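Close look at the chain arrangement
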Amino acid sequence: MSQVDLVEVTKTFPGGVKAVDGVSLTVRQGEFLTLLGPSGCGKTTSLRMIAGFEQPDAGRVLIGGRDVTRVPPYERDTGMVFQSLALFPHMSVLDNVLYGLRMRGVSRTEAERRAREMLALVQLSGYEHRRPHQLSGGQRQRVAFARALAVNPSIFLLDEPFAALDAKIRDELQVELRRLQQRVGITTVFVTHNQREAMTLSDRIAVMRDGRIEQIGSPQEIYEDPATVFVAGFVGMTNLFRGHVVERAGRRVRVKTEEGFVVEAELGAGTGNGASKDSAAAGDVAPGKPVTVSVRPESVRLEPRDQDARGGSPAGVDPSGGGQGGIPVTVDLIRFVGELIEYHLYTPGGQEIIGTYQRGQRTLSMGQGGAAIVRFDPKEARVLWR
Ligand SMILES: Nc1ncnc2c1ncn2[C@@H]1O[C@H](COP(=O)(O)OP(=O)(O)O)[C@@H](O)[C@H]1O
Ligand SMILES: [Mg+2]
């Protein structure tokens, strides 16, 4: 296993599309790192530059500390799994797996021994003589893993390998891939646009947008401390309140929302250390500055509010923000989502807020149409640059 470094890598395609724009990234030895982002943000191009199928216009690619920017793919010691899998349809499972070994001049006997070992590792012993079309989608996937790993590469690259599979098989294969990766101990770069997949698989996630890395960190860091509004919205569900800074004391910031409600939130550890120019530098957050507050649905606390007070200033809410704060809402819809109960709430100005609660928590007495106040712990709310 080796470390991978991208150093200020840029790739522009004919026609002027800047697919990758100054990306620097280190994938540590044995790490499972995911490039996550919406379609077209440059994930595949980045992966293909690591594999050598694409040449950067500027910057360098290093594998195991060695500059491979000008080294052809077959001399880079990477194993790649494509979205299409690209198995040979006319060959048996065994031949598919030993193909790469034979291409490298390994003897038939030795290649077969190694291929059988790999098939055992992905739990496909006994399937050696089937053709790809005689396998399920999940089994074909495992053949593709075995084939990529058979040549014992030092880097494992996967480009949206599960995109075509249904949710249940996808879940099972995610677990299998993670187990396989840990058993082999191989440095892995995985590409997906699916945030759930990235969260469950990765040691670290690099969130990409428009050819750049917006933030890099562990799934927990990215979820709890998004560096930008884009990351907060892309990774998991969140409620966003645009407003202006009223007051700041250390990391604690008081914000007046566009609807005029005053809320408190904190600058996260991620604020200011994101790779993006859009992330808030902590020093810039001062009274009058436009910011956005992000609150996860599970941090939304609901308290009953006196229904009669809906006309004027809602009971318990101080719009001047002197004391308690809070946002008055009406319960619009209650959904039961597995073990969670999801409340869809509306502010007087029509902004939707979503709050989720564990089923059986039984603290909520509000029904549909009920009046409530939304509060949250400032420690669980993040101030982000607009
Ligand atoms: N061979 C190519 N020629 C021209 N444009 C390309 C080529 N490959 C990718 N692009 C463009 O580069 C951008 C990034 O593409 P890609 O890396 O495939 O994104 P992702 O994998 O994140 O969906 C897109 O705008 C895409 O249309
Ligand atoms: Mg892609």
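Residues numbered from 1 in each chain as written. Chains lettered and ligands numbered in written order. Predicted model: local features only at pLDDT ≥ 70, side-chain atom pairs only at ≥ 80, totals over all residues.

Overview of the site of ligand 1
Close to ligand 1 lie Phe13, Val17, Ala19, Gly37, Ser39, Gly40, Cys41, Gly42, Lys43, Thr44 and Thr45, which account for all nearby residues. For the shell around ligand 1, the elements supplying multiple residues, two or more each, are β2 (17-27) and α1 (43-51). When residues of the shell around ligand 1 are assigned to their parent elements, the largest contribution, 3 residues, is made by α1. (Near = placed C-beta within 6 Å. Helix = DSSP H or I, 4+ residues; strand = E, 2+ residues; numbered from the N terminus.)

Section: the confidence of the model for the protein
The share of residues in the protein with pLDDT of 70 or more is 90%, and the mean pLDDT across the chain is 89. Note on residues 272-278: pLDDT under 50 across the span, and 21 contacts to partners over four residues away in sequence or across chains. Counted against residues more than four places away or in other chains, residues 308-323, with its pLDDT under 50, gives 24 contacts. (pLDDT = per-residue confidence, 0-100. Contact = placed C-beta atoms within 7 Å.)

Focus: the sheet that holds strand β4 (residues 58-63)
Strand order in this open sheet of 4 strands is β2-β1-β4-β5, and the pairing throughout is antiparallel. The two strands at the open ends of the sheet, each matched to only one other strand, are β2 and β5 (66-67). Bridge count for β4 against β5 is 2 bridges, and the pairing is antiparallel. If you follow isoleucine 63 over to β5, its bridge partner there is arginine 66. (Pairing = 2+ DSSP bridges.)

Describing the sheet that holds strand β18 (residues 352-358)
Spatially, β15-β19-β16-β17-β18 is the arrangement adopted by the 5 strands of the open sheet, whose pairing is antiparallel. Here the strands that pair on one side only, and so sit at the sheet edges, are β15 (301-304) and β18. Across the sheet, the axes of successive neighbouring strands diverge by a mean angle of 45 degrees, strand direction being ignored. Sheet topology note: the strand β17 (residues 340-346)/β18 ladder contains 7 bridges and is antiparallel. Bridge pairing links histidine 344 to isoleucine 354 in β18. (Axes fitted to C-alpha atoms, helices over the stretch in contact; angles between N-to-C directions.)

Describing the environment of isoleucine 222
With respect to the element layout, isoleucine 222 can be found in helix α7 (residues 219-224). By C-beta crowding, isoleucine 222 is classed as buried, having 29 other C-beta atoms within 10 Å. As a C-alpha pair, isoleucine 222 and leucine 62 span 160 residues in sequence and 26 Å in three-dimensional space. If we ignore the near neighbours within four places in the chain, the residues touching isoleucine 222 are Ile205, Val207, Gln215, Gly217, Val231 and Val235. (Buried ≥ 20, exposed ≤ 12 C-beta atoms within 10 Å, placed from the backbone.)

Focus on unusual backbone geometry
Although it is not a glycine, asparagine 152 adopts a positive phi angle of roughly 55 degrees. Along the chain, asparagine 152 falls in the loop between α4 (137-150) and β7 (155-159). The backbone of glutamate 160 shows a phi angle near 45 degrees, a positive value even though the residue is not glycine. Here glutamate 160 shows up in the loop between β7 and α5 (167-184).

Comments concerning the pairing of strand β11 (residues 239-249)
Relative to strand β14 (residues 290-295), β11 runs antiparallel, the two sharing 6 bridges. The residue of β14 that forms the bridge with arginine 242 is threonine 292. Alignment of β11 against strand β12 (residues 252-257), held across 6 bridges, turns out to be antiparallel. Looking at β12, one finds that glutamate 247 is bridged to arginine 254.

A closer look at the domain arrangement of the protein
By the assigned domains, the protein splits into domain 1 (4-223) and domain 2 (225-385). Between the C-alpha centres of domain 1 and domain 2 there is a distance of 39 Å. If you look at the interface, domain 1 gives 12 residues, while domain 2 gives 13 residues. Taken together, the elements giving at least two residues each to the side of domain 1 that touches domain 2 come down to β9 (204-209), β10 (212-217) and α7. Across the side of domain 1 that touches domain 2, the residue classes tally to 5 nonpolar, 3 polar and 4 charged. (Domains from an automatic or database assignment. Nonpolar A, V, L, I, M, F, W, Y, C, P; charged D, E, K, R; others polar.)

A short note on the nonpolar core
Membership of the largest hydrophobic core comes to 96 residues, with the highest contact counts inside it found for Val97, Ala146 and Ala206. No other element matches the 7 residues that α4 contributes to this core. Mapping this core onto the domain boundaries places at least three of its residues in each of domain 1 (4-223) and domain 2 (225-385). With near-sequence residues (within four places) excluded, alanine 146 lies in contact with Val97, Met118, Leu119, Leu121, Val122 and Leu124. (Core = buried A, V, L, I, M, F, W, Y, C linked by C-beta atoms within 7 Å.)

Notes on the packing of helix α3 (residues 108-121) against α4
Where α3 meets α4, the axes come as close as 9 Å, and the angle between the chain directions of the two elements is 135 degrees. Taken together, the axis directions place α3 and α4 in an arrangement best described as oblique. Here α3 and α4 pass one another in a crossing that is right-handed. For the pair α3 and α4, the contacting residues are Arg114, Ala115, Met118, Leu119 and Leu121 in the first and Ala146, Leu149 and Ala150 in the second. (Parallel < 35°, antiparallel > 145°, perpendicular 65-115°, else oblique. Left-handed = near helix turned anticlockwise from the far one by under 90°.)

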